[in-house]
Amino acid sequence: MAKTSRIPGFYKLSPEERLRIVADFAGLTDEEVALLKNTGSLELTLADRMIENVIGVMHIPLGVAVNFLINGRDYMVPMAIEEPSVVAAASNAARIARVKGGFQASTTKPIMIGQIQLVKVPDPYGARYTILAHKDEILEKANEQDPILVKLGGGAKDLEVRVIDTDVGPMVITHLLVDVKDAMGANAVNTMAEAVAPMIEKLTGGKVYLRIVSNLAVYRLARARAVFDKEALGGEEAVEGIIYAYNFAKSDPFRCATHNKGIMNGIIAVALATGNDTRALESGAHAYAARTGKYQPLTTWEVNEDGDLVGTIEIPLAVGIIGGATRSNPLARVCLKILGVKTASELAEVMASVGLAQNLAALRALATEGIQRGHMKLHARNIAIMAGATGRLIDEVARRMVEERKIRIDRAKEILEELLKEK
Ligand code: MEV
(Lines give C-alpha, C1' and ligand atoms only; values in the text may rest on other atoms or scores of the structure.)
Protein backbone atom coordinates (compact mmCIF):
# COMPACT_ATOMS: atom_id res chain seq x y z
CA MET A 1 0.00 0.00 0.00
CA ALA A 2 1.25 3.50 -0.85
CA LYS A 3 2.32 5.51 2.16
CA THR A 4 0.23 8.50 3.12
CA SER A 5 1.42 11.79 4.57
CA ARG A 6 -2.13 12.52 5.76
CA ILE A 7 -1.64 12.10 9.48
CA PRO A 8 -4.44 13.63 11.56
CA GLY A 9 -3.28 14.91 14.94
CA PHE A 10 0.42 14.74 14.02
CA TYR A 11 0.92 18.05 15.80
CA LYS A 12 -0.45 16.63 19.06
CA LEU A 13 2.23 13.93 19.28
CA SER A 14 5.54 14.24 21.12
CA PRO A 15 8.69 14.84 19.04
CA GLU A 16 9.70 11.20 19.69
CA GLU A 17 6.37 9.86 18.43
CA ARG A 18 6.54 12.09 15.37
CA LEU A 19 10.07 10.95 14.64
CA ARG A 20 8.94 7.31 14.80
CA ILE A 21 6.24 8.00 12.19
CA VAL A 22 8.66 9.91 9.93
CA ALA A 23 11.32 7.21 10.30
CA ASP A 24 8.79 4.60 9.27
CA PHE A 25 7.52 6.71 6.35
CA ALA A 26 11.01 7.37 5.00
CA GLY A 27 12.69 4.12 6.04
CA LEU A 28 15.32 5.89 8.14
CA THR A 29 18.13 3.81 9.62
CA ASP A 30 18.88 3.76 13.36
CA GLU A 31 21.88 6.02 12.71
CA GLU A 32 19.73 8.53 10.86
CA VAL A 33 17.16 8.53 13.66
CA ALA A 34 19.96 9.00 16.18
CA LEU A 35 21.24 11.95 14.16
CA LEU A 36 17.84 13.64 14.34
CA LYS A 37 17.51 12.90 18.05
CA ASN A 38 20.93 14.26 18.78
CA THR A 39 20.20 17.96 18.40
CA GLY A 40 23.87 18.83 18.36
CA SER A 41 24.42 16.64 15.36
CA LEU A 42 26.58 18.93 13.21
CA GLU A 43 29.98 18.19 14.62
CA LEU A 44 32.37 21.06 15.14
CA THR A 45 35.06 19.43 13.03
CA LEU A 46 32.57 19.17 10.16
CA ALA A 47 31.32 22.73 10.63
CA ASP A 48 34.92 23.90 10.66
CA ARG A 49 35.36 22.47 7.17
CA MET A 50 32.18 24.11 5.86
CA ILE A 51 33.00 27.78 6.60
CA GLU A 52 35.79 29.88 8.10
CA ASN A 53 36.52 30.97 11.68
CA VAL A 54 34.05 28.50 13.18
CA ILE A 55 33.35 28.80 16.90
CA GLY A 56 30.13 26.79 17.21
CA VAL A 57 26.94 25.61 15.55
CA MET A 58 23.66 27.53 15.39
CA HIS A 59 20.52 25.49 16.00
CA ILE A 60 17.15 25.94 14.34
CA PRO A 61 14.08 23.78 14.97
CA LEU A 62 13.40 21.15 12.33
CA GLY A 63 9.73 20.31 11.77
CA VAL A 64 7.89 18.19 9.25
CA ALA A 65 4.88 19.41 7.28
CA VAL A 66 2.35 16.68 6.62
CA ASN A 67 -0.55 16.15 4.18
CA PHE A 68 1.34 17.06 1.01
CA LEU A 69 0.04 15.25 -2.07
CA ILE A 70 2.02 16.37 -5.12
CA ASN A 71 1.59 14.85 -8.59
CA GLY A 72 -0.25 11.97 -6.91
CA ARG A 73 2.58 11.20 -4.46
CA ASP A 74 2.62 11.73 -0.71
CA TYR A 75 5.44 13.75 0.82
CA MET A 76 6.50 14.54 4.35
CA VAL A 77 8.30 17.86 4.08
CA PRO A 78 11.16 18.76 6.45
CA MET A 79 11.24 22.46 7.30
CA ALA A 80 13.93 24.25 9.31
CA ILE A 81 12.61 27.55 10.63
CA GLU A 82 12.56 29.61 13.81
CA GLU A 83 9.13 31.18 13.18
CA PRO A 84 6.07 29.62 14.82
CA SER A 85 2.97 28.72 12.76
CA VAL A 86 4.75 28.20 9.42
CA VAL A 87 4.88 24.38 9.56
CA ALA A 88 1.33 24.18 10.90
CA ALA A 89 0.06 26.56 8.20
CA ALA A 90 1.69 24.57 5.39
CA SER A 91 0.26 21.29 6.71
CA ASN A 92 -3.16 22.85 7.04
CA ALA A 93 -3.22 24.24 3.51
CA ALA A 94 -1.93 20.91 2.15
CA ARG A 95 -4.80 19.17 3.93
CA ILE A 96 -7.32 21.48 2.23
CA ALA A 97 -5.62 20.96 -1.16
CA ARG A 98 -6.08 17.17 -0.83
CA VAL A 99 -9.88 17.57 -1.08
CA LYS A 100 -9.47 18.40 -4.79
CA GLY A 101 -6.51 16.12 -5.52
CA GLY A 102 -3.52 17.96 -4.06
CA PHE A 103 -0.88 19.84 -6.04
CA GLN A 104 0.24 19.48 -9.62
CA ALA A 105 3.79 20.68 -10.13
CA SER A 106 6.32 20.86 -12.95
CA THR A 107 9.67 22.38 -13.78
CA THR A 108 11.58 23.62 -16.78
CA LYS A 109 15.04 22.11 -17.40
CA PRO A 110 17.61 23.03 -14.71
CA ILE A 111 19.31 25.68 -16.85
CA MET A 112 21.47 28.24 -15.02
CA ILE A 113 22.95 31.42 -16.46
CA GLY A 114 26.65 32.29 -16.18
CA GLN A 115 27.38 35.95 -16.97
CA ILE A 116 30.57 37.21 -18.60
CA GLN A 117 30.93 40.98 -18.58
CA LEU A 118 32.88 42.43 -21.52
CA VAL A 119 33.81 46.13 -21.59
CA LYS A 120 35.97 48.48 -23.65
CA VAL A 121 34.76 47.33 -27.05
CA PRO A 122 34.21 50.16 -29.55
CA ASP A 123 31.71 48.10 -31.54
CA PRO A 124 29.54 46.23 -29.01
CA TYR A 125 27.14 44.84 -31.61
CA GLY A 126 30.06 43.70 -33.74
CA ALA A 127 31.50 41.98 -30.65
CA ARG A 128 28.12 40.37 -30.02
CA TYR A 129 28.10 39.01 -33.56
CA THR A 130 31.63 37.61 -33.19
CA ILE A 131 30.87 35.89 -29.87
CA LEU A 132 27.72 34.27 -31.26
CA ALA A 133 29.55 33.20 -34.43
CA HIS A 134 32.01 31.29 -32.22
CA LYS A 135 29.32 29.70 -30.10
CA ASP A 136 30.40 26.10 -30.72
CA GLU A 137 34.03 26.74 -29.67
CA ILE A 138 32.93 28.64 -26.58
CA LEU A 139 30.53 25.88 -25.52
CA GLU A 140 33.20 23.27 -26.15
CA LYS A 141 35.66 25.14 -23.94
CA ALA A 142 33.02 25.46 -21.22
CA ASN A 143 32.16 21.77 -21.38
CA GLU A 144 35.81 20.72 -21.11
CA GLN A 145 35.62 22.00 -17.51
CA ASP A 146 33.03 19.47 -16.36
CA PRO A 147 33.19 16.14 -18.20
CA ILE A 148 31.09 14.40 -15.52
CA LEU A 149 28.22 16.85 -15.93
CA VAL A 150 28.44 16.44 -19.71
CA LYS A 151 28.42 12.66 -19.37
CA LEU A 152 25.21 12.93 -17.34
CA GLY A 153 23.61 14.84 -20.20
CA GLY A 154 24.19 18.31 -18.73
CA GLY A 155 26.70 21.03 -19.53
CA ALA A 156 26.80 24.30 -21.46
CA LYS A 157 24.02 24.17 -24.05
CA ASP A 158 23.66 27.64 -25.51
CA LEU A 159 24.79 31.27 -25.54
CA GLU A 160 22.91 34.54 -25.36
CA VAL A 161 24.67 37.85 -25.86
CA ARG A 162 23.13 41.13 -24.72
CA VAL A 163 24.38 44.67 -25.18
CA ILE A 164 23.48 46.85 -22.21
CA ASP A 165 23.86 50.60 -21.69
CA THR A 166 25.52 51.75 -18.49
CA ASP A 167 26.85 55.01 -17.03
CA VAL A 168 30.36 53.96 -18.05
CA GLY A 169 29.46 52.98 -21.59
CA PRO A 170 28.02 49.94 -23.35
CA MET A 171 28.81 46.46 -22.09
CA VAL A 172 28.52 43.15 -23.91
CA ILE A 173 27.09 40.55 -21.56
CA THR A 174 27.42 36.93 -22.58
CA HIS A 175 25.11 34.42 -20.95
CA LEU A 176 26.36 30.88 -20.85
CA LEU A 177 23.30 28.63 -20.49
CA VAL A 178 24.24 25.53 -18.54
CA ASP A 179 22.13 22.49 -17.75
CA VAL A 180 23.34 21.71 -14.23
CA LYS A 181 21.18 18.60 -13.68
CA ASP A 182 20.88 17.81 -9.96
CA ALA A 183 23.30 20.44 -8.65
CA MET A 184 22.48 23.95 -7.53
CA GLY A 185 25.01 24.74 -10.20
CA ALA A 186 26.83 27.91 -9.13
CA ASN A 187 30.20 26.18 -8.91
CA ALA A 188 29.96 24.48 -12.29
CA VAL A 189 28.73 27.65 -13.96
CA ASN A 190 31.36 29.91 -12.36
CA THR A 191 34.16 27.56 -13.44
CA MET A 192 32.86 27.55 -17.01
CA ALA A 193 32.40 31.33 -17.10
CA GLU A 194 35.98 31.84 -15.91
CA ALA A 195 37.29 29.34 -18.46
CA VAL A 196 35.69 30.95 -21.52
CA ALA A 197 36.46 34.56 -20.54
CA PRO A 198 39.97 34.69 -22.13
CA MET A 199 38.48 33.34 -25.35
CA ILE A 200 35.89 36.11 -25.41
CA GLU A 201 38.59 38.73 -24.79
CA LYS A 202 40.70 37.32 -27.61
CA LEU A 203 37.81 37.18 -30.05
CA THR A 204 36.67 40.75 -29.38
CA GLY A 205 39.75 42.63 -28.19
CA GLY A 206 37.75 43.81 -25.17
CA LYS A 207 38.32 43.38 -21.45
CA VAL A 208 36.40 40.91 -19.28
CA TYR A 209 35.77 41.76 -15.65
CA LEU A 210 33.00 39.74 -13.94
CA ARG A 211 32.43 36.02 -14.58
CA ILE A 212 29.70 34.77 -12.29
CA VAL A 213 26.39 32.91 -12.08
CA SER A 214 23.18 34.96 -12.18
CA ASN A 215 20.74 34.25 -9.38
CA LEU A 216 17.91 35.44 -11.59
CA ALA A 217 17.41 31.89 -12.84
CA VAL A 218 14.69 32.62 -15.41
CA TYR A 219 15.30 29.35 -17.25
CA ARG A 220 15.04 27.24 -14.11
CA LEU A 221 11.42 27.69 -13.12
CA ALA A 222 9.18 25.61 -10.90
CA ARG A 223 5.41 25.81 -11.18
CA ALA A 224 2.61 24.43 -9.04
CA ARG A 225 -1.17 24.56 -9.14
CA ALA A 226 -3.87 23.49 -6.71
CA VAL A 227 -7.62 23.84 -6.38
CA PHE A 228 -8.87 24.66 -2.89
CA ASP A 229 -12.43 23.62 -2.14
CA LYS A 230 -14.55 26.62 -1.12
CA GLU A 231 -16.32 24.83 1.73
CA ALA A 232 -13.04 23.51 3.14
CA LEU A 233 -11.71 27.08 3.00
CA GLY A 234 -14.61 28.36 5.09
CA GLY A 235 -17.12 29.37 2.42
CA GLU A 236 -17.62 32.09 -0.16
CA GLU A 237 -16.61 34.93 2.11
CA ALA A 238 -13.21 33.36 2.77
CA VAL A 239 -12.70 32.85 -0.97
CA GLU A 240 -13.69 36.45 -1.67
CA GLY A 241 -11.36 37.70 1.06
CA ILE A 242 -8.44 35.79 -0.45
CA ILE A 243 -9.15 37.25 -3.90
CA TYR A 244 -9.21 40.74 -2.40
CA ALA A 245 -5.96 40.02 -0.54
CA TYR A 246 -4.28 38.83 -3.76
CA ASN A 247 -5.41 41.90 -5.68
CA PHE A 248 -4.11 44.12 -2.89
CA ALA A 249 -0.66 42.55 -3.38
CA LYS A 250 -0.90 42.90 -7.18
CA SER A 251 -1.48 46.63 -6.92
CA ASP A 252 0.70 47.60 -3.95
CA PRO A 253 4.41 46.80 -3.53
CA PHE A 254 4.20 47.34 0.24
CA ARG A 255 1.69 44.51 0.53
CA CYS A 256 3.32 42.47 -2.23
CA ALA A 257 6.64 42.28 -0.34
CA THR A 258 4.82 40.68 2.61
CA HIS A 259 2.74 38.44 0.34
CA ASN A 260 5.93 37.09 -1.24
CA LYS A 261 7.65 36.88 2.15
CA GLY A 262 4.93 34.48 3.26
CA ILE A 263 5.60 32.30 0.21
CA MET A 264 9.33 32.30 0.97
CA ASN A 265 8.64 31.30 4.61
CA GLY A 266 7.88 27.82 3.31
CA ILE A 267 10.37 27.64 0.48
CA ILE A 268 13.32 28.83 2.54
CA ALA A 269 12.47 26.46 5.40
CA VAL A 270 12.68 23.49 3.01
CA ALA A 271 15.84 24.94 1.45
CA LEU A 272 17.51 25.25 4.84
CA ALA A 273 16.49 21.74 5.88
CA THR A 274 17.95 20.30 2.68
CA GLY A 275 21.20 22.29 2.82
CA ASN A 276 20.39 24.60 -0.09
CA ASP A 277 21.50 28.20 -0.63
CA THR A 278 18.68 30.25 0.85
CA ARG A 279 20.11 33.61 -0.23
CA ALA A 280 20.28 32.56 -3.88
CA LEU A 281 16.62 31.56 -3.72
CA GLU A 282 15.52 34.80 -2.06
CA SER A 283 17.33 37.04 -4.52
CA GLY A 284 16.11 34.98 -7.49
CA ALA A 285 12.51 35.00 -6.30
CA HIS A 286 12.27 38.73 -5.68
CA ALA A 287 14.15 39.67 -8.85
CA TYR A 288 11.78 37.40 -10.79
CA ALA A 289 8.80 39.02 -9.09
CA ALA A 290 10.06 42.38 -10.40
CA ARG A 291 11.07 41.21 -13.88
CA THR A 292 8.43 43.26 -15.68
CA GLY A 293 9.58 46.43 -13.92
CA LYS A 294 6.64 46.18 -11.51
CA TYR A 295 7.06 44.07 -8.34
CA GLN A 296 4.35 41.41 -8.49
CA PRO A 297 3.10 38.43 -6.47
CA LEU A 298 4.74 35.09 -7.24
CA THR A 299 1.33 33.43 -7.01
CA THR A 300 -2.00 33.96 -8.77
CA TRP A 301 -5.48 33.35 -7.30
CA GLU A 302 -8.71 32.88 -9.25
CA VAL A 303 -12.18 31.42 -8.69
CA ASN A 304 -13.30 28.59 -10.99
CA GLU A 305 -16.86 27.88 -12.18
CA ASP A 306 -17.60 25.80 -9.05
CA GLY A 307 -16.65 28.72 -6.83
CA ASP A 308 -13.44 26.97 -5.68
CA LEU A 309 -10.15 28.81 -5.42
CA VAL A 310 -7.44 28.04 -7.99
CA GLY A 311 -3.89 28.97 -7.03
CA THR A 312 -0.72 28.86 -9.10
CA ILE A 313 2.88 29.74 -8.44
CA GLU A 314 5.80 30.29 -10.82
CA ILE A 315 9.21 30.88 -9.30
CA PRO A 316 12.88 30.33 -10.18
CA LEU A 317 14.22 27.63 -7.85
CA ALA A 318 17.93 26.92 -8.16
CA VAL A 319 18.18 23.99 -5.78
CA GLY A 320 20.35 20.90 -5.77
CA ILE A 321 20.41 17.48 -4.19
CA ILE A 322 24.12 16.90 -4.81
CA GLY A 323 27.13 18.94 -3.83
CA GLY A 324 27.59 21.67 -1.24
CA ALA A 325 25.87 21.46 2.11
CA THR A 326 23.22 19.08 0.70
CA ARG A 327 25.96 16.45 1.01
CA SER A 328 28.36 17.77 3.64
CA ASN A 329 25.68 18.35 6.28
CA PRO A 330 24.50 14.91 7.48
CA LEU A 331 21.15 16.30 8.63
CA ALA A 332 20.49 17.74 5.16
CA ARG A 333 21.06 14.25 3.75
CA VAL A 334 18.54 12.80 6.19
CA CYS A 335 16.03 15.53 5.26
CA LEU A 336 16.45 14.68 1.56
CA LYS A 337 15.81 11.06 2.44
CA ILE A 338 12.63 11.99 4.33
CA LEU A 339 11.46 13.89 1.25
CA GLY A 340 12.42 10.98 -0.96
CA VAL A 341 13.07 13.20 -3.98
CA LYS A 342 15.07 11.62 -6.79
CA THR A 343 16.05 14.78 -8.68
CA ALA A 344 16.66 18.46 -8.00
CA SER A 345 13.64 19.19 -10.21
CA GLU A 346 11.44 17.06 -7.97
CA LEU A 347 12.74 18.97 -4.95
CA ALA A 348 11.84 22.23 -6.72
CA GLU A 349 8.33 20.90 -7.42
CA VAL A 350 7.86 20.15 -3.71
CA MET A 351 9.18 23.58 -2.76
CA ALA A 352 6.89 25.39 -5.21
CA SER A 353 3.93 23.46 -3.78
CA VAL A 354 4.96 24.38 -0.23
CA GLY A 355 5.24 28.05 -1.29
CA LEU A 356 1.74 27.96 -2.75
CA ALA A 357 0.36 26.23 0.37
CA GLN A 358 2.05 28.78 2.61
CA ASN A 359 0.58 31.68 0.67
CA LEU A 360 -2.92 30.16 0.78
CA ALA A 361 -2.68 29.64 4.54
CA ALA A 362 -1.50 33.20 5.14
CA LEU A 363 -4.13 34.83 2.91
CA ARG A 364 -6.90 32.71 4.40
CA ALA A 365 -5.91 33.60 7.95
CA LEU A 366 -5.42 37.28 7.12
CA ALA A 367 -8.74 37.53 5.26
CA THR A 368 -10.68 35.83 8.07
CA GLU A 369 -9.69 35.75 11.74
CA GLY A 370 -6.27 37.39 11.31
CA ILE A 371 -2.98 35.68 12.13
CA GLN A 372 -2.47 36.87 15.67
CA ARG A 373 -4.77 34.38 17.38
CA GLY A 374 -2.81 31.39 16.08
CA HIS A 375 0.49 33.15 16.73
CA MET A 376 -0.55 34.10 20.25
CA LYS A 377 -1.44 30.51 21.11
CA LEU A 378 2.05 29.37 20.21
CA HIS A 379 3.65 32.39 21.80
CA ALA A 380 1.71 31.70 25.00
CA ARG A 381 2.98 28.12 25.05
CA ASN A 382 6.55 29.38 24.76
CA ILE A 383 6.01 31.84 27.61
CA ALA A 384 4.44 29.07 29.74
CA ILE A 385 7.52 26.90 29.17
CA MET A 386 9.78 29.82 30.05
CA ALA A 387 7.81 30.26 33.28
CA GLY A 388 8.61 26.66 34.20
CA ALA A 389 5.44 24.83 33.11
CA THR A 390 5.87 21.24 32.01
CA GLY A 391 3.66 18.54 30.48
CA ARG A 392 -0.07 19.19 30.53
CA LEU A 393 0.44 22.41 32.50
CA ILE A 394 1.98 24.11 29.45
CA ASP A 395 -1.31 24.05 27.55
CA GLU A 396 -3.35 25.00 30.62
CA VAL A 397 -1.18 28.03 31.45
CA ALA A 398 -1.16 29.06 27.79
CA ARG A 399 -4.92 28.67 27.45
CA ARG A 400 -5.61 30.88 30.45
CA MET A 401 -3.20 33.57 29.28
CA VAL A 402 -4.82 33.67 25.82
CA GLU A 403 -8.28 33.81 27.43
CA GLU A 404 -7.21 36.72 29.62
CA ARG A 405 -5.26 38.31 26.73
CA LYS A 406 -2.31 38.67 29.11
CA ILE A 407 0.58 36.79 27.59
CA ARG A 408 3.40 37.72 29.94
CA ILE A 409 5.98 35.79 31.90
CA ASP A 410 4.88 37.26 35.27
CA ARG A 411 1.27 36.20 34.63
CA ALA A 412 2.43 32.76 33.45
CA LYS A 413 4.29 32.30 36.73
CA GLU A 414 1.24 33.33 38.77
CA ILE A 415 -1.07 30.94 36.90
CA LEU A 416 1.47 28.15 37.22
CA GLU A 417 1.70 28.67 40.97
CA GLU A 418 -2.10 28.58 41.30
CA LEU A 419 -2.32 25.38 39.27
CA LEU A 420 0.43 23.71 41.27
CA LYS A 421 -1.32 24.65 44.53
CA GLU A 422 -4.62 23.20 43.25
CA LYS A 423 -2.90 19.88 42.55
C1 MEV B 1 4.55 36.17 8.27
O2 MEV B 1 5.82 35.57 8.41
C3 MEV B 1 4.04 35.98 6.86
C4 MEV B 1 2.76 36.74 6.53
O5 MEV B 1 2.91 38.11 6.87
C6 MEV B 1 2.52 36.57 5.05
C7 MEV B 1 1.43 37.45 4.49
O8 MEV B 1 1.13 38.52 5.07
O9 MEV B 1 0.88 37.08 3.43
C10 MEV B 1 1.59 36.23 7.33
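Residues numbered from 1 in each chain as written. Predicted model: local features only at pLDDT ≥ 70, side-chain atom pairs only at ≥ 80, totals over all residues. Heavy atoms only, no water.

How would you explain the site of the ligand if you had to name every residue and give the values?
Near the ligand, the surroundings consist of Glu83, Arg255, Thr258, His259, Lys261, Gly262, Asn265, Ala362, Leu366 and Ile371. Here an oxygen atom of the ligand and a side-chain polar atom of Arg255 are 2.7 Å apart. At 2.6 Å from an oxygen atom of the ligand is found a side-chain nitrogen or oxygen belonging to Lys261. Relative to its unbound accessible surface of 300 Å², the ligand loses 86% to contact with the protein. If one sorts the elements of the shell around the ligand by residue count, helix α11 (residues 253-273) sits on top with 6 residues. (Near = heavy atom within 4 Å. Polar contact = N/O pair within 3.5 Å; in protein donor to acceptor, adjacent residues only side chain to side chain. Areas by Shrake-Rupley, 256 points an atom, 1.4 Å probe, with all protein chains shown as cover. Helix = DSSP H or I, 4+ residues; strand = E, 2+ residues; numbered from the N terminus.)

Residue-level account of the layout of surface pockets, with values.
Put simply, the second largest pocket is a space of about 230 Å³. Considering the residues around the second largest pocket, the lining is formed by 15 residues, among which Arg291, Pro297, Leu298, Thr299 and Thr300 are closest to the centre. Looking at the lining of the second largest pocket, the elements that each hand over two or more residues are α10 (236-251), α12 (278-289), β9 (299-303) and β10 (309-316). Per-element accounting of the lining of the second largest pocket gives the leading share, 3 residues, to β10. (1 Å grid on protein atoms, 1.4 Å probe; cavity = no way out; pocket = protein on both sides within 12 Å on 5 of 7 lines; lining within 4 Å. Points joined across faces, edges and corners; volume = space filled by probe spheres on them.)

Talk me through the side chain of Gln358; I want residue IDs and the actual numbers.
Counting through the fold element by element, Gln358 comes out in helix α15 (residues 344-367). When its relative accessible area of 4% is taken as the criterion, Gln358 is described as buried. Engagement of the side chain of Gln358 in a polar contact is seen with the backbone oxygen of Val86, the distance being 2.8 Å. Those residues in contact with Gln358, other than ones at most four positions away along the chain, are Met79, Val86, Ala89, Ala90, Gly262, Ile263, Asn265 and Gly266. (Buried < 20%, exposed > 50% of the residue type's maximum accessible area, 1.4 Å probe, protein only. Contact = heavy atoms within 4.5 Å.)

Any chance you could break down a nonpolar patch on the surface for me, citing the residues and the numbers?
A cluster of nonpolar side chains, Met58, Ile60 and Leu272, forms an exposed patch at the surface whose accessible area comes to about 320 Å². Following the sequence through the fold, Ile60 ends up in the loop between α3 (44-50) and β1 (62-70). (Patch = residues over 30% accessible without salt bridge, like charges linked within 9 Å, V, L, I, M, F, W, Y side chains within 5 Å. Salt bridge = Lys/Arg side-chain N within 4 Å of Asp/Glu carboxyl O.)

An account of empty space enclosed by the protein is requested, with residue identities and associated values reported.
This model, assessed by the stated rule, comprises 1 cavity of 30 Å³ or more. A volume near 60 Å³ is recorded for the largest cavity. In terms of lining residues, the largest cavity is bounded by Thr107, Thr108, Lys109, Pro110, Arg220, Leu221, Ala222, Leu317, Val319, Ala344, Ser345 and Ala348. Going through the elements one at a time, β8 (221-228) and α15 are the ones with two or more residues in the lining of the largest cavity.

I'd like a rundown of the pattern of salt bridges, residues and numbers included.
Within the structure shown, the criterion is met by 19 salt bridges. In this structure, Arg73 engages Glu346 in a salt bridge whose closest nitrogen and oxygen atoms are separated by 2.8 Å. Highlighted residues: Arg73 in strand β2 (residues 73-80) and Glu346 in helix α15, separated in sequence by 273 residues. The residue Arg411 makes a salt bridge to Glu418 at a minimum N-O spacing of 3.8 Å. Overall, Glu418 belongs to the partly exposed group, its relative accessible area being 32%. Members of the salt-bridge network, linked through shared partners, are Arg400, Glu404, Arg411, Glu414 and Glu418.

Break down the packing of α11 against α12 for me, with residues and values.
With their axes 10 Å apart at the nearest point, α11 and α12 run at an angle of 150° to one another. Judged on the interaxial angle alone, α12 and α11 are roughly antiparallel. Crossing handedness for the pair α11 and α12: right-handed. Of the residues in α12, those touching α11 at Asn260, Met264, Ile268, Ala271 and Leu272 are Thr278, Leu281, Glu282, Ala285, His286 and Ala289. When the residues that make up the contact of α11 with α12 are grouped by side-chain class, the tally is 7 nonpolar, 3 polar and 1 charged. (Axes fitted to C-alpha atoms, helices over the stretch in contact; angles between N-to-C directions. Parallel < 35°, antiparallel > 145°, perpendicular 65-115°, else oblique. Left-handed = near helix turned anticlockwise from the far one by under 90°. Nonpolar A, V, L, I, M, F, W, Y, C, P; charged D, E, K, R; others polar.)

Any details on a negative patch on the surface? Residues and values, ideally.
Together, Glu231, Glu236, Glu237 and Glu240 give the surface a local cluster of negative charge. Tallying contributions element by element places α10 first for the negative patch, with 3 residues. Inspection of the secondary structure assignment puts Glu237 in helix α10. Given a relative accessible area of 67%, Glu237 falls into the exposed group. (Lys, Arg positive; Asp, Glu negative; His and termini not counted. Charge placed at Lys NZ, Arg CZ, Asp CG, Glu CD.)

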